[in-house]
Amino acid sequence: MSDREIIKEEINRRLKGAINAVINQQIAENKPPETIETIERLQTEGFSKEEAYTLVGHLVSLEVAEELAGEQGINMDRYIAALEKLPEPFSKPRQTDED
């Protein structure tokens with residue numbers, strides 16, 4: 001493995017840890033409650049806990065990127081609306097009420 005690949009893996013590991021820390025804080029503070037509701041719903045729909053965290057983590061990453069790009073902080077309404085739509089657009093649903 002090249003030095004570049006080692007560095008890339010380390011960066012990805014640290015970013016994943018930071019994103020998971022944000023998700024865990026949202027759950028611990030129940031702010032917003034939709035975070036834990038979404039993780040539980042995704043698990044009920046057939047996603048593992050790690051997959052559910054990854055899907056929610058995508059949204060956290062998008063909000064952080066928007067904030068870094070100059071928006072006025074995290075848009076909680078947009079974030080909650082996106083939580084309600086998960087797993088889309090990142091994955092296809094695994095179960096539906098029709099199953």
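As the structure is a prediction and not an experimental result, all values here were calculated from the model.

Caption draft 1: Molecular detail of the packing of helix α1 (residues 3-29) against helix α3 (residues 49-68). Where α1 meets α3, the axes come as close as 9 Å, and the angle between the chain directions of the two elements is 95°. On the basis of their axis angle, the class for α1 and α3 is roughly perpendicular. Taking contact as the criterion, the partners of Lys16, Ile19, Asn20, Val22, Ile23, Asn24 and Ile27 in α1 are, on α3, Glu50, Tyr53, Val56, Gly57, Val60 and Ser61. Partitioning the contact of α1 with α3 into residue classes produces 7 nonpolar, 4 polar and 2 charged.

Caption draft 2: Broad picture of the nonpolar core. Counting residues in each nonpolar core, the largest one holds 15 residues, and the members touching the most others are Ile23, Val56 and Leu86. Elements with a contribution of two residues or more to this core: α1, α2 (33-44), α3 and α4 (76-85). At 6 residues, α3 tops the list of elements feeding residues into this core.

Caption draft 3: Spatial organisation of the environment of Ile19. Relative to the assigned elements, Ile19 resides in helix α1. For the pair formed by Ile19 and Glu66, sequence separation is 47 residues and the distance between their alpha carbons is 15 Å. Ignoring anything within four residues of it in the chain, the contact list for Ile19 reads Gly57, Val60 and Ser61.

Caption draft 4: Structural view of the side chain of Glu45. Structurally, Glu45 is set in the loop between α2 and α3. Of the residues examined, Glu45 reaches a relative accessible area of 17% and is grouped as buried. Ignoring anything within four residues of it in the chain, the contact list for Glu45 reads Pro87, Arg94 and Gln95.

So, how was this worked out
- Residues numbered from 1 in each chain as written.
- Predicted model: local features only at pLDDT ≥ 70, side-chain atom pairs only at ≥ 80, totals over all residues.
- Heavy atoms only, no water.
- Axes fitted to C-alpha atoms, helices over the stretch in contact; angles between N-to-C directions.
- Helix = DSSP H or I, 4+ residues; strand = E, 2+ residues; numbered from the N terminus.
- Parallel < 35°, antiparallel > 145°, perpendicular 65-115°, else oblique.
- Contact = heavy atoms within 4.5 Å.
- Nonpolar A, V, L, I, M, F, W, Y, C, P; charged D, E, K, R; others polar.
- Core = buried A, V, L, I, M, F, W, Y, C linked by side-chain atoms within 4.5 Å.
- Buried < 20%, exposed > 50% of the residue type's maximum accessible area, 1.4 Å probe, protein only.

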